[in-house]
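One-letter residues, chain by chain:
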Amino acid sequence: MKEGYGNVLLSAMKKYMTDVRGQGNSEFPLILGRDFSGVVVEVGKGVTHFRPGDEVWGAPEPKRQGAHAEYCVVHQSEMSRKPRNLSHVEAASLPYVGLTAWAAINTIGQFKPYKLPSRSTLVLGASGGVGTFAVQLLKAYGTRVVATCSSDAASLVRGLGADEVVDYRSPDVFQQLQKFGQFDLILDTVGDELSAKARQLLKTDPRHYPLVTIATPLFRNTDEHGLMLGLVKSAFTFGTEVIQAVRTQQGVRWAFFLSNEKALNSIASLAEQGKIKPVIGRVFSFDQVPQAFEFVKNGHMRGKAVIKVR
């Protein structure tokens, strides 16, 4: 999406990379898409983990060309073997959101649920791709999960295992969340007004974990204020958050997608155990890619949109 979230910063990064590679100002050829699931057709000389015929899934790093094509080239560390119980369409819906949630909860949040005597977590925006995955992952860890979403998505989120679901549109949504006590970890997938207040719901014990958000202000600020002013504003926000975290012992951390082969293997195992299930909002054919992007752009999705190439 030309005017999508993070357009200003990502376009600047793309321009820099094309300049470095001697491609002038052209961003093309450009292949979009991150998740994939398919069959290995060829491997390089240094590849030891896979061979032609293996069914695999994964998500290439943003610096590489994407997966909206019949063939894509990835590093072996960016994929693993596909869960045996999932179709390729089902499997393709999980790697990007799964690795984003994994990075937020495990890598950035450093959440170690089995080491806590009491485990209570909150997912803000639980009906989207990352949210639906996070609810299932946290339940697989044995935590109590409170989730926010719109009322028409409540049954979906409960079906994924959420113990309590609160309508984020309710005028007293913050007061409703306060009734559940303080949380060990909060995952924010939205970045709205409620997210800004949610830090007050964290436990203040420094042994506990932060509010982790995947809605980084960096993209939002550069989109709204331009590249330079947006970067300055984001740096100021970061400094303010650090000071606030030290003062209150209630920290906020920013998370994003990280390629992680070991995490993919763990997610595949959870999927094969039935603890992680794909949530697909809609499947598009390959010639419907423009409509798929419009569908995503309109927001309020339930789970993921998937493009079926063949």
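Refer to the preceding data block for the structure.
Below you will find a few notes about this structure. (Residues numbered from 1 in each chain as written. Predicted model: local features only at pLDDT ≥ 70, side-chain atom pairs only at ≥ 80, totals over all residues. Heavy atoms only, no water.)

### Re the overall build of the chain
When you go through the chain residue by residue, the secondary structure sums to 11 helices and 11 strands. The contacts in the chain between residues at least 6 apart in sequence include a share of 67% that link residues at least 24 apart. Summing over all exposed atoms, the chain offers an accessible surface of approximately 16300 Å²; the carbon and sulfur share of this is 55%. (Helix = DSSP H or I, 4+ residues; strand = E, 2+ residues; numbered from the N terminus. Contact = heavy atoms within 4.5 Å. Areas by Shrake-Rupley, 256 points an atom, 1.4 Å probe, with all protein chains shown as cover.)

### Some thoughts on the nonpolar core
Generally speaking, a soluble globular protein has its nonpolar side chains buried in company with each other. Grouped together as the largest cluster of nonpolar side chains are 46 residues, with contacts concentrated most on Ile 105, Phe 133, Val 135, Leu 137, Leu 138 and Val 157. Contributions of two or more residues to this core are made by α3 (95-108), α4 (129-140), β5 (144-149), α5 (154-159), β7 (185-188) and α10 (261-272). Residues within four places of Leu 138 in sequence aside, it is in contact with Ile 105, Phe 111, Thr 121, Val 123, Thr 143, Val 145 and Leu 185. Core analysis: the next-biggest nonpolar cluster, separate from the first, contains 14 residues, Leu 122, Leu 124, Ala 198 and Leu 202 among them. (Core = buried A, V, L, I, M, F, W, Y, C linked by side-chain atoms within 4.5 Å. Buried < 20%, exposed > 50% of the residue type's maximum accessible area, 1.4 Å probe, protein only.)

### Here's the deal with the packing of aromatic side chains
One pass over the structure, following the stated rule, counts two aromatic pairs. Each ring, one from Tyr 96 and one from Phe 257, has its centre 4.8 Å from the other, and the planes form 25 degrees; the classification is stacked. Within this pair, whereas Tyr 96 is found in helix α3, its partner Phe 257 is found in the loop between β9 (252-254) and α10, the two being separated by 161 residues in sequence. Among the residues examined, Tyr 96 registers a relative accessible area of 31% and is labelled partly exposed. Sitting above the plane of the Phe 174 ring, Lys 197 keeps its charged end 4.4 Å from the centroid. Here the basic side chain of Arg 282 rests over the ring of Phe 295, its NZ or CZ set 5.8 Å away from the ring centre. (Phe/Tyr/Trp six-rings, centres within 6.5 Å; stacked < 30°, edge-to-face > 60°. Lys NZ or Arg CZ within 6 Å of the ring centre and 35° of its normal.)

### Here we look at the sheet that holds β5
Spatially, the six strands line up as an open sheet ordered β6-β5-β4-β7-β8-β9, and their pairing is parallel. In this open sheet, the two strands that pair with only one neighbour each are β6 (164-167) and β9. With direction set aside, neighbouring strand axes in the sheet form an average angle of 20 degrees. Across three bridges, the pairing between β7 and strand β8 (residues 211-213) is parallel. When the bridges of β8 are listed, Asp 188 appears paired with Thr 213. Where α3 meets the sheet, its contacts fall on β7, β8 and β9, and the angle it forms with β7 comes to roughly 150 degrees. Docked against the sheet, α4 engages β4 (120-124), β5 and β7, running at close to 170 degrees with respect to β4. (Pairing = 2+ DSSP bridges. Axes fitted to C-alpha atoms, helices over the stretch in contact; angles between N-to-C directions.)

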